[in-house]
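Fold and contact review
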Amino acid sequence: MRYRVLGKTGLKVSEIGLGGEWLERHNTQEVKEIVEHCRLAGINILDCWMSEPNVRSNIGAAIEGHRDHWIIQGHIGSTWQNGQYVRTRQLDRVQEAFEDLLGRLGTDYIDLGMIHFVDEVKEFHAIMEGEFLEYVLSLKEKGAIRHIGMSTHNPDVALLAAQSDLVEMILFSVNPAFDLLPASENIDDYFKEEYDESLRGMDPKREMLYKVCEQTQTGITVMKGYGGGRLFSEKTSPFGVALTPVQCIHYALTRPAVASIMVGYDSVAHVDAAVAYETAAEAEKDYASVLAGAPLHAYYYKHFYLTRLYSRPMI
């Protein structure tokens, strides 16, 4: 396993991480098997945004005895209310959920305290100028979190975070379907050329974001790297062609400022499929040649795909 420095945090994280969401489907023993398999493969960063009590307890049981091995991304603002996940800025609920996270994970600190799921510019300013940030800063002051991060799918919000003096890293959605938007209004011109591994075919906002993150040493950890698995099938891929886990991982890890990709695992076989990146040949990593064959209609599917993934409501 290779390790990268996560921007100004100075933390050395495995370039392939563990995204915990799929662990909600599994019992205590299954979660332990997957988490332990990750640890033995050298994975040392774990994202737990989920508020559901059982999965938090199962992860806590899985990392027991190995807390020092794990760099944990724990989310502030992800709560469990009346049997369901609720994203909120209501401080009493936020504080209760954060204390629950510490207790169920069996730890007294979180390495990366993530301001959870900020997807609107207006909301970013409200958080950064109000009592929510004051609470986050108080957690850092007393050592309950070591670094301040933010999770977002919106490049405008991510850019503001990267330019902030307080946010040290971001969890951001990165995959070819999100990044490779035509720079020209002439769709035919864009798709008749081969994709390039440089930034030239990228949405300008996202291109700017990656550059600013690199300049400000704002580390990026990646979510949505597989596009929810849609990128693995030509029928569900917005490009009309299929990519492999290794190709998706390579795409994410070749973006500027990216330190690690958080991959969701449903089994130890899924862990092995991701970790295979570490020994993959260059030809196995090549996503550009595959995307070069994407059909013209993929552009329209891509916008439909983006709309679906960006339309998650706030409760």
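The structure we're discussing is the one just above.
In what follows, the accompanying structure is described. (Residues numbered from 1 in each chain as written. Predicted model: local features only at pLDDT ≥ 70, side-chain atom pairs only at ≥ 80, totals over all residues. Heavy atoms only, no water.)

Looking only at helices and strands, the protein chain has 14 helices and twelve strands in total. Split into buried and exposed, the 315 residues of the protein chain put 56% on the buried side. Taking all contacts inside the protein chain whose residues are at least 6 apart in sequence as the whole, residues at least 24 apart take part in 76%. Just so you have it, the protein chain exposes about 13,600 Å², and 50% of that area is on carbon and sulfur atoms. (Helix = DSSP H or I, 4+ residues; strand = E, 2+ residues; numbered from the N terminus. Buried < 20%, exposed > 50% of the residue type's maximum accessible area, 1.4 Å probe, protein only. Contact = heavy atoms within 4.5 Å. Areas by Shrake-Rupley, 256 points an atom, 1.4 Å probe, with all protein chains shown as cover.)

Let's shift gears to the packing of aromatic side chains. This structure, assessed with the given rule, holds three aromatic pairs. With a centroid separation of 5.2 Å and 80 degrees between ring planes, the pair formed by W49 and Y85 is classed as edge-to-face. Residue W49 is located in the loop between β4 (45–48) and α2 (53–63), and its partner Y85 is located in strand β7 (residues 84–87); the two are separated by 36 residues in the primary sequence. Residue W49 is classed as buried on the basis of its relative accessible area, which comes to 15%. Sitting over the ring of Y109, R67 keeps its end group 4.1 Å from the ring centre. (Phe/Tyr/Trp six-rings, centres within 6.5 Å; stacked < 30°, edge-to-face > 60°. Lys NZ or Arg CZ within 6 Å of the ring centre and 35° of its normal.)

Now for helix α11 (residues 268–275). Of all the residues in α11, the buried ones are V271, A274 and V275. Relative to the axis of α11, the buried residues are bounded by an arc of 95 degrees and lie together on one face. In this structure, the buried side of α11 is in contact with β3 (16–19), α1 (28–40), α10 (245–253) and β12 (258–264). (Arc of directions from axis to C-beta.)

To continue, consider the sheet that holds strand β5 (residues 71–76). Reading around the circumference, β3-β4-β5-β8-β9-β10-β11-β12 is the order of the eight strands in this closed barrel, with parallel pairing throughout. Across the sheet, the mean angle separating the axes of adjacent strands is 30 degrees when strand polarity is ignored. (Pairing = 2+ DSSP bridges. Axes fitted to C-alpha atoms, helices over the stretch in contact; angles between N-to-C directions.)

Turning our attention to the environment of S164. On the secondary structure map, S164 appears in the loop between α6 (155–163) and β10 (169–173). Ignoring sequence-local partners within four residues, the contact set of S164 consists of K8 and M128. At 3.4 Å, the side chain of S164 forms a polar contact with the backbone nitrogen of V167. (Polar contact = N/O pair within 3.5 Å; in protein donor to acceptor, adjacent residues only side chain to side chain.)

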